[in-house]
Amino acid sequence: MATQPTVAPPATDATSYFDLAITLALNNWPALTLAVQSNWGGPTSGDKRDWLCGAISEMMADRPETDAEDLEDVLIQVMNDEFDVVIDDESAGNVALEIMELKAQTLRGEFATIQSMWEAWQRKTQQKSASMFKQVESREEDQETDEEIEDDSGDMEMDDAPALVRAPREKVEPEIDDDGFTKVVGKKKR
């Protein structure tokens with residue numbers, strides 16, 4: 001079963017907002033989401049996504065000269081190495097550009113875009129939770145209905161079932177020829 005992504009609560013400073021932006025951008029990347037949900041990175045796929053969020057945050061802090069192309073290369077490499085996914089649809093470049101734009105916004109002290117991304121993420125998560133709850137509730141109702149149908153069907157208990165009776169086979173007497181030898185007859189001819 002796929003794990004739900006870990007997304008931090010709303011940020012309070014520029015660094016925290018940027019970390020949140022990275023996490024949201026990666027969690028909204030369809031290729032990575034599919035890889036995690038499908039466990040293409042193994043049973044720890046969700047942890048690998050969380051690690052990637054942290055690794056990108058560290059990379060951006062340690063190497064501020066990182067540009068979108070460098071970030072795209074990292075995303076492509078991690079998807080290939082950790083999830084066995086070859087990204088050839090330019091989506092890694094789009095995610096890298098989005099992260100770089102969000103970085104520029106946080107450096108200017110503009111957090112509205114990240115805040116709206118966070119709110120959209122919360123709504124999406126709540127809708128998924130509500131949908132999953134309805135599915136579980138529906139399955140439970142279906143099971144109860146199935147059980148009621150089975151109870152009302154009047155099926156016999158196993159103790160009440162008639163015993164299977166097989167007619168005994170007729171024993172075929174061996175055929176003895178004039179010399180006193182027993183003739184061998186195949187099972188099909190008996």
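In what follows, the structure referred to is the one given above.
Heads up: these notes are all about the structure in this document. Fair warning: this is a prediction, and the values are worked out from it, not measured in the lab.

1. With respect to the overall build of the chain
Within the chain one finds six helices and two strands. Going residue by residue from the N terminus, the α and β elements of the chain occur as α-α-α-α-α-α-β-β. Within the chain, residue pairs in contact and separated by at least 24 positions form 64% of the contacts whose partners lie at least 6 positions apart. With an accessible surface of roughly 13,900 Å², the chain has 51% of that area assigned to carbon and sulfur atoms.

2. Digging into the packing of helix 1 (residues 14–27) against helix 5 (residues 91–107)
At their nearest, the axes of helix 1 and helix 5 sit 10 Å apart, and the two run at 160 degrees to each other. The angle between helix 1 and helix 5 falls in the class roughly antiparallel. Of the two possible hands of crossing, helix 1 and helix 5 adopt the one that is right-handed. Between helix 1 and helix 5, the contacting residues are Ala14, Tyr17, Phe18, Ala21, Ile22, Ala25 and Leu26 on the first element and Val95, Glu98, Ile99, Leu102, Lys103 and Thr106 on the second. Its residues assigned to classes, the contact of helix 1 with helix 5 comprises ten nonpolar, one polar and two charged.

3. Digging into the environment of Leu52
Note that Leu52 resides in helix 3 (residues 45–62). What makes Leu52 buried here is its relative accessible area of 1%. C-alpha separation for the pair Leu52 and Val74, spaced 22 residues apart in sequence, amounts to 9.5 Å. Apart from residues lying up to four places away in sequence, Leu52 is in contact with Leu26, Leu32, Leu75 and Val78.

4. What about a negative patch on the surface?
The grouping of Glu65, Asp67, Glu69, Asp70 and Asp73 at the surface amounts to a negative patch. By the secondary structure assignment, Glu69 is in helix 4 (residues 68–83). Of the residues examined, Glu69 reaches a relative accessible area of 56% and is grouped as exposed.

5. Topic: the nonpolar core
A general feature of soluble globular proteins is that nonpolar side chains tend to end up buried together. Leu26, Trp29, Leu75 and Met79 are the most contacted members of the largest nonpolar core, which totals 27 residues. Where this core is concerned, the elements lending two or more residues are helix 1, helix 2 (30–37), helix 3, helix 4 and helix 5. The element contributing the most residues to this core is helix 4, with six residues. Counting nine residues, the second-largest nonpolar core is a separate cluster that includes Ala21, Leu102, Met117 and Trp118.

6. Observations regarding the pattern of salt bridges
Oppositely charged side chains can pair when the atoms bearing their charge come close. Under the definition given, this model contains three salt bridges. Notably, a salt bridge pairs Glu82 with Lys48, separated by 3.5 Å at the nearest N-O pair. On the criterion of sequence distance, the pair formed by Glu82 in helix 4 and Lys48 in helix 3 is long-range, its members being 34 residues apart. One connected set of salt bridges, linked through shared partners, spans Glu101, Arg108 and Glu110.

Here is what the cut-offs are and how they apply
- Residues numbered from 1 in each chain as written.
- Predicted model: local features only at pLDDT ≥ 70, side-chain atom pairs only at ≥ 80, totals over all residues.
- Heavy atoms only, no water.
- Helix = DSSP H or I, 4+ residues; strand = E, 2+ residues; numbered from the N terminus.
- Contact = heavy atoms within 4.5 Å.
- Areas by Shrake-Rupley, 256 points an atom, 1.4 Å probe, with all protein chains shown as cover.
- Axes fitted to C-alpha atoms, helices over the stretch in contact; angles between N-to-C directions.
- Parallel < 35°, antiparallel > 145°, perpendicular 65-115°, else oblique.
- Left-handed = near helix turned anticlockwise from the far one by under 90°.
- Nonpolar A, V, L, I, M, F, W, Y, C, P; charged D, E, K, R; others polar.
- Buried < 20%, exposed > 50% of the residue type's maximum accessible area, 1.4 Å probe, protein only.
- Patch = residues over 30% accessible without salt bridge, like charges linked within 9 Å, V, L, I, M, F, W, Y side chains within 5 Å.
- Salt bridge = Lys/Arg side-chain N within 4 Å of Asp/Glu carboxyl O.
- Lys, Arg positive; Asp, Glu negative; His and termini not counted.
- Charge placed at Lys NZ, Arg CZ, Asp CG, Glu CD.
- Core = buried A, V, L, I, M, F, W, Y, C linked by side-chain atoms within 4.5 Å.

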